[in-house]
Each structure stands twice: as structure tokens, then as C-alpha cells.
Amino acid sequence: MSTPLEHDYIGLSEASSRERSSEKIPCSSSTPSIEDKTSTDTLLNLKETELRLALPGSLSPDRKLSLLRTALDSNDKSNGFAVYPLKNLVSGAKRGFSDAIDGPNGNGKWVFPMNGISDVDLAKAPVLASPRAVPAMKEVAAVPLSPKSTQDKKNPVPPASKAQVVGWPPIRSFRKNTMASNSAKNSDDVAGCHYVKVSMDGAPYLRKVDLNTYKNYVELSSALEKMLSCFTIGQCSSSGFPLRDGLSRLMDLLHGSEYVLTYEDKDGDWMLVGDVPWEMFTESCKRLRIMNGSEAIGLAPRAMEKCKNQN
Amino acid sequence: MQKKVACSFPDEVLEHVFSFIQSDKDRNAVSMVCKSWYEIERWCRRKIFIGNCYAVSPRMVIRRFPKVRSIELKGKPHFADFNLVPDGWGGYVLPWIAEMAGAYPWLEEIRLKRMVVTDECLELIAKSFKNFKVLVLFSCEGFSTDGLAAIAASCMNLRELDLRDSDVDDLGGHWLSHFPETYTSLVSLNSSCLGSDEVSLSALERLVGRCTNLRTLRLNRAVPLDKIANILGRAPQLVDFGTGTYGADLQSDVFSSLAGAFSSCKELRSLSGFWDVVPAYLPAIYPVCSRLTSLNLSYVTIQSPDLVKLLRHCPSLQRLLVLDYIEDSGLEALSSSCKELQELRVFPSDPFGEEPNVSLTEQGLVSVCLACPKLQSVLYFCRRMSNVALVTIAQNCPNLTRFRLCIIEPRTADFLTLEPLDVGFGAIVEHCKDLRRLSLSGLLTDRVFEYIGRYAKKLEMLSVAFAGESDLGLHHVLSGCESLRKLEIRDCPFGDKALLANAAKLETMRSLWMSSCAVSFGACKLLGQKMPRLNVEVIDESGPPDSRPDSCPVDKLYIYRSVAGPRFDMPPFVWTMEEDSALQLNTIGNPIGSEWEHNMKGIQGLRAQMPFVLYLAELSNTSQW
């Protein structure tokens, strides 16, 4: 089977394109052929030839298990909702992801539009659903490791820098925080999470950030900026919730240092962020607050820039 | 002729008969017999369960059921527990409280799960419901102990205050002293989630002392070990007790008074808490161990031998929560000591470590399944699994109703054969015919979903992560699982096809969550447009999805059925796909072909067949969780 160099990100289309051998990929300008209407069987037999999320030459033991499979025909339901290849909606996909699919491996063998990292690393690296503008939190919430370093590293040192997938393993925050503070007491490396609330004067709700995902003040402040750009201030609907509007006013305010980043420490005092070394800060920080500049006067106000320079 | 039959029973008699019918399903069935039964039933329904607070509006509920005394509401999707739902998503209870304050002055019970509750809400509750008895805030957030103080001060008939797993702004323990000295009706108090170091011990002791009906008391971490004896001494009738910190320097007098206090609690059946355990104090609970049916040691960071020593004293144990420090050897010991075990949860002590820190493997779970015939519910975190182990579990525990396996590393294959774990999970669904809840992990292809679709006919909730290969997987589940109510998926290559082909199925479910999958924005729009009784919400924190091509996958998708229409309390990063005809479908290249229209006609045909009353009744189905 010669693998086409490009196809859209749903593996089923490979078989359907084999059926329609006259078509080229991308085939966004062609009409689906009548054959597709009978392609249910074809689809269901795809298992034999389906692409897998793996590098060429890697183990695909699943194919050998086909002997054990009972006929998929037994599952064939004639309910009128047979899965037709819905190329139309996804045909444009490759335009969005062409750089991903044409990535380092160049063979577009991915069923799922990941950037060009190996299957092993997919398990370890942060999972990004698409290579488009990465959601703000993910960019900073996960520390990406290069494929090489993940595979070659045999780290006896406590692995504090392991890339963490958001929300995995599925453990509730209460438990995570409890375990983290347990291990802190035992003076082990805190590989867990340290969630703190971030409130902003005038914003309708709190956010939470995990301090352990940042290495320094710069990362923290840029993450906060991105996160808070979801807020819109100054315009609320009648129910009191902000309307979806622009977001630049907030950014200007942050940059213009009308707002100051402060935190509450273990003793309950409010301090300016950036005064102490990063490690000391993460240990003692209980919550963050983005305070109106005028309120922060008692805290010896400094500009945000100075906070960044502290690092 | 039929009229005669209907008139032969006066309404009061029917109402009296209906009062014996408690289950929501039965009540719904009763309400559909005929119009007069519908009317009678709705006036005497006292308890209502709403599994998704956005599926219906407060006004609609109040209009249909004017005399409700007890309400249960759930808000955020389950994956909010794992920080997958951004803050501010929604789930606000205030609109409900505000409406009910006027409509249900005799409301007695409010149970909330994953909702945002503010102090204002709590104050409103305290003010509005004169006979308020039960407040359960399960995994809620947004309130502080000031709100609790308002409840304490005003609710003279309060029986139950349960804050389990909630995120409370704990401003110190003074809220407890707001319970008046004349207040004595407390039956259950769970404040174990409170995080402040301050707690008003004297207020607590006095409260416990005067509430002679107290059965459940779960303390928070701030309560020190040396106070336990005093507290238990005032409440020897306790059935369910959660300690605070269970560690201190060992002192023999403290130990003996502790042991004495425990032994005088003859009714004690459940223990929890045990933060910061000092192993030397554990034997103080031995006097009660033989009667214990439930034990939560999931914060106990002691090693396996100490755990085993304790568990050997607990032959009646039905429910155990423990950390993986117990290891395979400990679970083996458990399986010989605790033959009554029905529920086991093993949590990871070091989930983010790269290498395992304890010797806990699939063997531990297998040994429990082989030896504990009554096992029904499993939650197990481990680092390796095999098909053989899963098949053994399935064959020996056909009575499993809940099976949640979390292999910590995503996409981990069978460690013996390097194959996917399809066959193993397939055995689980095939043998465990009453399985209602399943969470998958490990390396899984579309085949596991084929098995699930074929066998898991009673499955109500399925959680999927890092699994599957194509839309076929999702299609198997949506087309095969007849009882499916909740489906949550993350990081799987499921896209538009299966979703759109099974759109009608979504109206039979409570909700579907898909994040980091491959569903395109265009498909979301189409679904929202064609299925007006579904709310299709796209969550994307990086910006409006219509600034990108329709073929781009959405970040997070939450679809739920609703008779209330789209909600209006969404934050800026949530978009509802509406039925708006002005919506432009941006199909790049091909216009929608005839296969599409065929699909959509089929969907619309099915919808037309579903009577509205039936649909509304289904929304009130009882949850098992």
C-alpha cells in the first residue's frame, strides 16, 4: 500500500480515497461519488488498512489480532445513520494543518494533527489538539520537552520538570494540594501542583493557576496576562456578566501599570510580587491578587516592568 | 367510559397512593398515564433531581412542580474536577435560589454538586426558607465561611451541613459559634474541606455536646489529635467520624484517652480524615475496627505493613479508600481479611513521578477481585496493566457496577504482550452485565469501543482519554450503548462524522464532553443549527472560533440537551452554537452534498417522533451517583 503523502486528518479518508482512485488529494473541489453510499462496509473493513498513530516501522501488533475479531458485520446497524465519509467538512483541514502534516517526518502519517513528535513522546509531552494558536493556558501550563531529551533521559534526580498534561492523571485539586503539602513537609521535591487563586479587581470571577508550572516571574506574569485577556472589563450585560467584547483595555491597563500584582503570603500579609526570589515566592504564596494601583500605595508601588526585571 | 374510571378515585386518594412512590422514574411514568394523573402528581411531587442545571430553567420547574421540598442540582461537567473546565464557565446557583425563595418558602433540602455558590446565595437561603434542613455542597466553590455563618445563625431546624470536597474560602473557625446555644438539631456535619489553621474548638465542642442526634461528624485538618477524645466523649452515638490531623508526638496519656474515647463509640461504622498520620496512634482505633464498614485512609502516608496491620482488624469492611502505599502485598492481605469488601479505591501517592515509587501493579487489583466476591466498585490508579489481568478481573467479578482504571501514563500498552488493552476491557464489559460506569485508560484502539457498543448495554457513564483511532470508535459507543447518559472524552481522534451521524443520540443523553479531539467548528455549528434542543457550547480560551476556518477543531466542546434553550450567563470564552438562520456555514470547497441532507433528514425525522412530555420527563431521571 503506497501511502499518499497527504490526506486529511481523519484516517477513514484514506480508504475512501483508495476507492475513488481518480481523485487526488486534496480533493476539496470534487464531489463525493455514489460509491460512498455503499462504503459502510468499506469503512467497517478499514481496520485492516487503517492508519495508526505511530511511526513507520513501529510495532503494530493490533493488526495481528484481526484473527480474534468477530465480523464487524455483526455490528452493522441499518439505522439509516451509517457513517458516511464526511469529507466536505474536513476537506479544508489540511489547509489549517498543512504545516503540521508536512512536518519533519513529511509523510503525513498522522491520524491526529500533532506536530512532528513521536508516539512515545505524545504520552509524555503536553497534548496539543492543533498547531494553531495554542490556547494560552496550555502554552505555559505544560513545559514542552524535546523528543530527544525525553527518550534519553534516565533521571535519578526527582523529576520535578516532567511535562504535565493538564488534568491528567485525573485527580481532584483537593487531593493534589493535600499531597503536595504532605510532600513539602517531608521535604521531598514537590512534583505535584500548587494551585493558587488569582483575583482581579473588577473581574467577575476568580481564576486558578498552578505555580509549579512556571519557573520564574516572567513566565507567571505572561501567563496571567494571557489568562486575564479573557476578561472584559467595563462592559457588562444586564445580568452582570461581561459581554464578549475586545480585550485590549485590560492589557493596556496592565502594561500601563495601573494594576499591580500582589500576593498573600503564609502569614496573611499582602506583598508585592517580585520582591523575593522565585522559590521563596512559590513556597509562601497562598493567593494572588491583581490590585488597582491606587490601592497598592501602601505596598511601596513599583511598575510591572520591575517585577519582570527581578528575574 | 374512561371518564367514569378516572372520576371514581378522588384526588386525595390518588395523592395518597402516589406518596408511596418515591423514585423519579416511577413518578415520571405515573405522570404520563393521563392528564388528571399528571396534574395530581405534579402537585404532590416533593423531591426533584436536575442532573444538569442548564437543562431546564427554574421557572419551568416551579411552574410544573409548585410544592417541592427538596431539590438536587448539578452544574459543571465532571471534567471540571480535573481543571479542564476554565473558571467562570458557569453553574451559578443564585438564579435558582432567587426563584425558589419566592416560590418554595417551605423548601427543606438543597443538594448541589459542582456549582458556584456565593455567600449571597447562602444568606438568601438562610433568610428565605424557614424550615430549612439539609444543605449539601458537593465540590462547590465561590463561598466563604461567612456564608456558612449566616446559615448557622438562621436555620433553626438545620439537620445536615455537608461541604464535602468544596473549595471554601476559610476565614477561620468563628462561623461555628454562630450556631445559637439553643440550637440542637444537627445530625450531620462535614467540614473536612475547610483549609484554615484556625478553628474554634470550644464552639465545636459545645455544638457537638448539645446536639445529641449527631450521627456524622467530619472534622477538618485544623482540629488537633488531642482534641478528638474530648469531642468523641461528647458524641458517643456517632456513626460516621472524620478526624482532623491524626499526628502528634506520642504521649501515652493522649493515646489512652483517645483509645478510650473510640471504644465508647459503639455505633461507629465509618472513619475518615487521618491527615498527617503518626502510625503509633493508629492502634487507638482498634476497638472500633471490627465494626467498621467504611474506612478512608486516602490521606494516610504510611507504609504497607502498618496499613495491613490495621486492616487485619477490619473484617466487616465494605468500603476502603487507600493510597498505593498499600502495594500488591497489602492488597493481597486485604483480600484475605476483608471478605465483605464492595468498594475499593486506590489513589496514587506520586502521580507525577516518572518512575514508580511503590510496588503496586495490576496484581494487587487482581488479588482483591479473586478473593472478594462482593466487589462492585473499583477505582484504581496504577502504572501497568495486562489483558490477562483484566480478563481475570472480569471473569471473577461479574457483579462490578463501577470500574475506573487509570493507568498513569497515557497510551500504555499491555506490559506483557505490548498489545492494546482492547481485549481486556472488552472482557470487562462482556462479563459485567450490570456495569454502569466505566473509565478507560491505556493503549486502546477502536476495537475496545466496538466491544463497549456491543456489550455495555447498561452503561450510563463512560470516560475516555487518549484512546481510539478514528470516528468509528465514537460511532460504536453512540450507536451501541443504549443506556448512555454521560460521555466524556479527552484527547481522542474523534471528529465530526460519528458525532453528526449520531446527533439524535445526543438528545437521549444528559451530556457529552469532548476536549482536545478533532471536532471541527463547522460541525459544531451544524449541530447547533439542526438540533435546537441541544445546547452546543464551544469553549475556547484562545479567541473566537469563527476567526478561524470552520474546519479547525474546537478546543473543548460541551453538548447537553435542554428545554431551556441557550443560557445567558456564559463567560467570554464560551460560545453557544445557535439555531440562528443567519449562521453562515463556511464549507471550504465542497458545498454540502446529498449525503448530508440524507443524514439531516433522518435526524429531523427522529426528533419529530419524540413527544415533548416524554422528553421533559426524561430530564428528571434519577442519577445513580
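The rules behind these values
- Sequence order as written defines the numbering, with residues in each chain counted from 1.
- Each chain is given a letter, starting from A, and each ligand a number, starting from 1, according to the order in which they appear as written.
- Given that this is a predicted model, residues contribute local features only at a pLDDT of at least 70 and side-chain atom pairs are listed and counted only at 80 or more, while totals for whole chains, interfaces and linings are drawn from all residues.
- Where side-chain values are given, they derive from all heavy atoms of the structure, hydrogens and water being excluded.
- UniProt positions are given in the numbering used here, feature names are shortened, and annotations may be inferred rather than shown by experiment.
- Remark: exposure states derive from per-residue accessible area (1.4 Å probe, protein chains only) relative to the maximum for the residue type, with buried under 20%, exposed over 50%, and partly exposed in between.
- Every helix listed is a DSSP run of H or I at least four residues long, and every strand listed is a run of E at least two residues long, numbered separately from the N terminus.
- One requirement defines pairing of two strands: DSSP has to find at least two bridges between them.
- Salt bridges, as used here, are contacts in which a Lys or Arg side-chain nitrogen is within 4 Å of a carboxyl oxygen on Asp or Glu.
- In this scheme Phe, Tyr and Trp rings, the latter by its six-membered ring, pair at centre separations within 6.5 Å, and the angle between planes marks the pair as stacked below 30 degrees, edge-to-face above 60, and tilted otherwise.
- Either the NZ atom of lysine or the CZ atom of arginine qualifies as a charge over a ring when it sits within 6 Å of the ring centre and within 35 degrees of the ring normal.
- For helices, the axis comes from a line fit to the C-alpha atoms of the stretch in contact; other axes are also lines fit to C-alpha atoms, and the angle between any two N-to-C directions lies between 0 and 180 degrees.
- Among the buried residues, those of types Ala, Val, Leu, Ile, Met, Phe, Trp, Tyr and Cys that are joined through side-chain atoms within 4.5 Å form a nonpolar core.
- The scheme is simple: roughly parallel for angles under 35 degrees, roughly antiparallel for over 145, roughly perpendicular for 65 to 115, oblique for anything else.
- For a crossing to be left-handed, the near helix must be turned anticlockwise from the far one by less than a right angle; the clockwise case is right-handed.
- Only heavy atoms enter the contact rule, under which two residues are in contact if any of them lie within 4.5 Å.
- Basically, the charged four are Asp, Glu, Lys and Arg, the nonpolar ten are Ala, Val, Leu, Ile, Met, Phe, Trp, Tyr, Cys and Pro, and anything else, Gly included, counts as polar.
- The arc in question is the one traced by the directions running from the helix axis out to the C-beta atoms.

Chain B appears in an unreviewed UniProt entry as F-box domain-containing protein from Hibiscus sabdariffa.

As recorded in an unreviewed UniProt entry, chain A goes by Auxin-responsive protein and comes from Hibiscus sabdariffa. Under the UniProt heading Function (unreviewed entry), the note attached to chain A is "Aux/IAA proteins are short-lived transcriptional factors that function as repressors of early auxin response genes at low auxin concentrations." Word for word, the UniProt comment on chain A under Sequence similarities (unreviewed entry) is "Belongs to the Aux/IAA family."

Residue and element names in this part refer to chain B. The buried fraction of strand 22 (residues 556-561) is high, at six of six residues. As defined by bridge partners, strand 20 (residues 511-515) adjoins strand 22 across five bridges and the pair is classed as antiparallel. Bridge pairing links S515 to K556 in strand 22. Here strand 21 (residues 534-539) runs beside strand 22; their pairing, made up of six bridges, is antiparallel. Within strand 22, the position partnered with N535 by the bridge is Y560.

What follows covers the pattern of salt bridges. All names here are of chain B. For the structure shown, the criterion picks out 34 salt bridges over all chains. Measuring nitrogen to oxygen at the nearest pair gives 3.2 Å for the salt bridge that ties E39 to R42. Here E39 and its partner R42 are both found in helix 4 (residues 35-44), three residues apart, which amounts to about one turn of the helix. Classification of E39 as partly exposed rests on a relative accessible area of 35%. Across the pair E41 and R45 runs a salt bridge, and its minimum N-O distance is 2.8 Å.

Another point: the packing of aromatic side chains. For any two aromatic rings, the description comes down to two numbers: the centre-to-centre distance and the angle of the planes. All names here are of chain B. What the rule picks out here adds up to 25 aromatic pairs over all chains. Ring centres 6.1 Å apart and planes at 25° place the aromatic pair F255 and Y281 in the stacked group. Taken together, the residues span a long stretch of sequence, with F255 in helix 11 (residues 252-263) and Y281 in the loop between strand 11 (270-272) and helix 12 (286-289) at a distance of 26 residues. Here F255 falls in the partly exposed class, since its relative accessible area comes to 22%. The class for Y281 is buried, based on a relative accessible area of 0%. Here the aromatic cluster, defined as three or more aromatic residues joined through ring pairs, consists of Y54, F79, F82, W89, W513, Y558 and Y560. Just above the ring of Y54 sits the side chain of R567; from NZ or CZ to the centre is 4.5 Å.

All names here are of chain A. Pairing is mixed across the open sheet formed by five strands, whose spatial order is 2-1-5-3-4. With one partner strand each, in any of the chains shown, strand 2 (207-210) and strand 4 (270-272) form the two edges of the open sheet. Strand after strand, the sheet turns through a mean of 35° between neighbouring axes, direction not considered. Here six bridges tie strand 3 (residues 259-264) to strand 5 (residues 287-292), and the two strands are oriented antiparallel to one another. By the bridge assignment, L261 is partnered in strand 5 with I290.

Right, let's talk about the nonpolar core for a bit. Ranked by size, the top nonpolar core spans 210 residues in total, and within it B:Y246, B:F262, B:L295, B:F403, B:I452 and B:L487 carry the most contacts. Counting 21 residues, the second-largest nonpolar core is a separate cluster that includes A:L211, A:M227, A:Y263 and A:W278.

All names here are of chain B. Close contact between helix 6 (residues 94-103) and helix 7 (residues 119-128) brings their axes to 10 Å; oriented N to C, the two are set at 15°. In terms of their interaxial angle, helix 6 and helix 7 are classed as roughly parallel. For the crossing formed where helix 6 meets helix 7, the hand is left-handed. Across the interface between the two elements, L94, I97, A98 and A101 from helix 6 touch E120, C121, L124, I125 and S128 from helix 7. Classifying every residue of the contact of helix 6 with helix 7 by side-chain character gives seven nonpolar, one polar and one charged.

So, about helix 7 of chain B. All names here are of chain B. Counting buried residues in helix 7 gives seven out of 10 residues, a clear majority hidden from the surface. Restricting attention to buried positions, one finds in helix 7 the residues D119, C121, L122, L124, I125, A126 and S128. Check the buried side of helix 7 and you find it contacts helix 6, strand 3 (109-113), strand 4 (134-138), strand 5 (141-144) and helix 8 (145-154).

So, about helix 3 (residues 24-31) of chain B. Residues of helix 3 of chain B that are buried include every one of B:D24, B:R27, B:N28, B:V30 and B:S31, and no others. The buried residues of helix 3 of chain B all sit within an arc of 160° when viewed along its axis, so they share a single face.

Further remarks concern unusual backbone geometry. Looking along the chain, the bond that leaves A:W168 and enters A:P169 is cis, with omega of -10°. Turning to its location among the elements, A:P169 is positioned in the loop between helix 7 (147-152) and helix 8 (173-185). A positive phi angle, near 60°, is found at B:E327, a position not held by glycine. We note that B:L418 has phi near 65°; this positive angle belongs to a residue other than glycine. Note that B:L418 resides in the loop between strand 16 (402-407) and helix 17 (422-431). Judged by relative accessible area, which is 47%, B:L418 ranks as partly exposed.

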